[in-house]
Amino acid sequence: LGSMSSITISYGENGPVFCGMKSDGSHLVTCYGSNLAITYATPAHLTFSGLTAGNGFICGLLMDSNQPYCWGSSGFVQIGVPQPMVKDSEYLEISAGDHHLCGLRKSLTGKHRNTSLVDCWGYNMTKSYEFDGQIQSISAGSEFNCGLFTQNRSVFCWGDETGSGVISLIPMGMRFQKIAAGGFHVCGILEGVDSRVVCWGRSLDFDAEISASLVDSGLLNVDFAPNDPMLSVVGGRFHACGIKSYDRGVVCWGYHVERSTPPPNNVRLYEIAAGDYFTCGVLSDASLLPVCWGVGFPSSLPLAVLPGICKPKPCTSDFYEFKNGSAPCKSPGSHVCLACSNGCPNEMYQVSACTSTSDRQCRYNCSSCISRDCFSNCYDATGDGKKKGKFWPLQLPVIVAEIAFAVFLVSVVSLTSIIYVRYKLRNCRCSGRAFKSKKDGKIGSFQKESGKIRPDLDELKIRRAQMFTYEELERATSGFKEESQVGKGSFSCVFKGVLKDGTVVAVKRSIMSPDMKKNSKEFHTELDLLTRLNHAHLLSLLGYCEEGGERLLVYEFMANGSLHQHLHGQNKALKEQLDWVKRVTIAVQAARGIEYLHGYACPPVIHRDIKSSNILLDEEHNARVADFGLSLLGPANSSSPLAELPAGTLGYLDPEYYRLHYLTTKSDIYSFGVLILEILSGRKAIDMQFEEGNIVEWAVPLIKAGDILAVLDPVLKPPTDLEALKRIANVASKCVRMRGKERPSMDKVTTALERALALLMGRPSNEQPILPTEVVLGSSRLHTKSSQISSYRSTSETDVAENEDQKFEFRAPSWITFPSVASSQRRKSSVSEADVDGKNLEARNVGNGTSAGDGLRSLQEEIGPASPQQNLFLQHNF
Ligand SMILES: Nc1ncnc2c1ncn2[C@@H]1O[C@H](COP(=O)(O)OP(=O)(O)OP(=O)(O)O)[C@@H](O)[C@H]1O
């Protein structure tokens, strides 16, 4: 949609893609997004002078031939050079709508010099159009196009206006600097100093009844076009955004759905481009990175792009030449011209006008500061004696008042904190004593009864991470001697240790690598996350030590090591120990741990390194997910991915994330799918001793062909009824689908695994909720706790019991804890096993629109016929 630019956004059922011309002056294109047909086909060696995009495709204007070249997929616009192409025709500008592309031919000469030709290709549009008058620029909407005449600065539009009314609503007698078409509307910036925006068309028609009813019902929000002077404007499907002239800030208007990210505050942008439901802009700083807002796209992208098109003529007045150290344009005599800002933001005055090489400069007016920015700037700028003299008399009273208020505030806060801490310390001492007495009394006898030497484990966990000295841990692990070592990771060694009080722990010691920064980062990530997370199937952190260059983490000791050791170790007996019920139980428990990370931690945690060596087993083979060194706090909404460089382990790494750097919780789902295949087959994720070394490539075709027996681990006898394992294999093959969007979410995976486990154990359960975790899975962890509580209660020490109860309350601060309820009980949503077991997943995705989605759909029904692709995209995104 819109006009040709250095950045563009394609949309459609295969997902959005942002493309931009590289910032290095090479005129090459770089793209980012989930439509593989576009990202894979992005030409690596073709150079372009500008870009435009439609539904599922991108087109660029080739630098060499001045002809369009398109890539991606479209049923209407030919990929490559669109045809039919009039021989030797060259274009000044191209612009794409949903399913069409138009190109403005280079100016004609001679007696035709006052005629303009526009060639279009695609849906309902393939034709050469001739217009009287010179056209300066063209801009494409969903199913129409508009042009701006050079001489009288008036706008004309052509195409299908059934849904938009853009042709009949064109404002008369207005002169425009530039125009931008959106889905069903057009906006233009008026000539003159006020550079106001005027929009017309049905999608921004605020009087329409439909808009009013949707706004009233709270399904959509509508903002009105601002009166601010604008430098640039772009149109999305039902919204428009502009860059304000005085501060290069961004403002959007039109419709936006509740869940959409608002335009960023306090950023300055050079250029913007709109997709259908989101918009991106290039930051006006040295980074030249895009930032995005709206629905369904990351908020920042890791690729620097050019902020404007290279044009083969010098910049006119009102424009200045963009320079970023290196030359932004390859061809000599070409320049990127950026519009000069007009005016200055509040509290500022203009110190220099826009020149041919720089924008106008503004400076804070220190005598009328109100905002913090202004104060800090003026404070910094007081090297100038005169200013200083003027500044202090005016601002001194304000500053004195502020300092007095701050001192008062700090005193109140400190006093409250001191009272609170003293109160807490008193409680701590009490519970400490109580605990001691418990240890001497009933509790001690309980521990004796259970025969375990884990006296302070729960106490440690309640206090979250305890700080250990290096000396303590060195002593606990007998000087980190080799015999104490129980495992080794890429950046750490793990030792078994016994603390002074008898607690058996695992101590993870970072290997001193040259990349200390990375070590330290992983250490702090894990420390930070684990002190806040709390779930029966996540490995608990007991403490840490950070002394000099040493980084140590102290965990509960998992007596049975890792799942990897069991499945792939030398000891065959270990493998046989894990029968089918135990293996599926481990899968369910690990799934619950991950489900907690994705669905109950806020914001969600993406583990990024799910694999069998990170699934640890306690003395009863209950699973805990471990190793959070790579984890990231994900976006609250999994439809808006993070832009992250890939990290993880080969064989488990989500291919979509690996190739596109596009990270959501669905990347963990892929790794978990690999883990299930590993559990079923006993094969490693990558094992080159087999002809097909990649477990996914090997197992998925067999599962799809229904040959489950060929996949199952030959070490174990297959169960008599294969149904449960078949279902699990099907879940795995859905988890490892190439496209993240098509993989099930973790709660659906957990439900399916729980039901398969019940089936395997001879309790087919389809409707009734599954028993609480620990009952089905036999973990003693919570039984221990409840028996502890009841044993405390049975004593006369009621105060002790209360204290213990308080401890349980205290265990769940900002993170939700749900250690004992089956996921099928937790979830109110009508997730059925069919979601993952096969039949309804896709259908459900499509039909599961939220109320906002319904709102948009009805809006679309009202304002115009949506193509099947549009419908799909709407349904998918809302
Ligand atoms: N709490 C624990 N109790 C018992 N053994 C453990 C514990 N934590 C880790 N281990 C053992 O140490 C091994 C290494 O763990 P670590 O988390 O450092 O690395 P990794 O996940 O195997 O590898 P990488 O760090 O390269 O991803 C584990 O596979 C496991 O066998």
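The shown structure was predicted, so the numbers you read here are calculated from the model rather than taken from an experiment. (Residues numbered from 1 in each chain as written. Predicted model: local features only at pLDDT ≥ 70, side-chain atom pairs only at ≥ 80, totals over all residues.)

Caption draft 1: A look at the overall build of the chain. If you tally the helices and strands in the chain, you get 25 helices and 40 strands. Within the chain, the proportion of its 878 residues that are buried is 44%. (Helix = DSSP H or I, 4+ residues; strand = E, 2+ residues; numbered from the N terminus. Buried ≥ 20, exposed ≤ 12 C-beta atoms within 10 Å, placed from the backbone.)

Caption draft 2: Focus on the site of the ligand. Around the ligand, the surrounding shell holds 24 residues, and the nearest of these are G487, G489, S490, A506 and M558. When contributions to the shell around the ligand are tallied by element, the ones reaching two or more residues are β30 (485-488), β31 (492-498), β32 (504-510) and α9 (563-568). A total of three residues in the shell around the ligand trace back to one element, the largest contributor, which is β30. In the shell around the ligand, the residues fall into 10 nonpolar, 10 polar and four charged. (Near = placed C-beta within 6 Å. Nonpolar A, V, L, I, M, F, W, Y, C, P; charged D, E, K, R; others polar.)

Caption draft 3: Expanded view of the sheet that holds strand β23 (residues 290-294). Read from one edge to the other, the open sheet built from three strands follows the order β21-β22-β23, with strand pairing classed as antiparallel. Edge positions in the sheet fall to β21 (269-274) and β23, since each of these pairs with one other strand and no more. Neighbour-to-neighbour, the strand axes of this sheet turn through a mean angle of 25°, independent of strand direction. Pairing analysis gives five bridges linking β21 to strand β22 (residues 278-283), with the strands arranged antiparallel. Bridge pairing links I272 to G281 in β22. (Pairing = 2+ DSSP bridges. Axes fitted to C-alpha atoms, helices over the stretch in contact; angles between N-to-C directions.)

Caption draft 4: The arrangement of the environment of C378 in detail. Note on placement: C378 falls in helix α3 (residues 372-380). Sequence-wise, C378 and Y364 are 14 residues apart; in three dimensions their C-alpha atoms are separated by 6.9 Å.

Caption draft 5: Main features of unusual backbone geometry. Residue P84 is bonded to the preceding Q83 through a cis peptide linkage, with omega at -5°. Along the chain, P84 turns up in the loop between β6 (68-72) and β7 (91-96). Positive phi, normally seen in glycine, also occurs at L288, with a value near 55°. Judged by the 21 C-beta atoms lying within 10 Å of it, L288 is buried.

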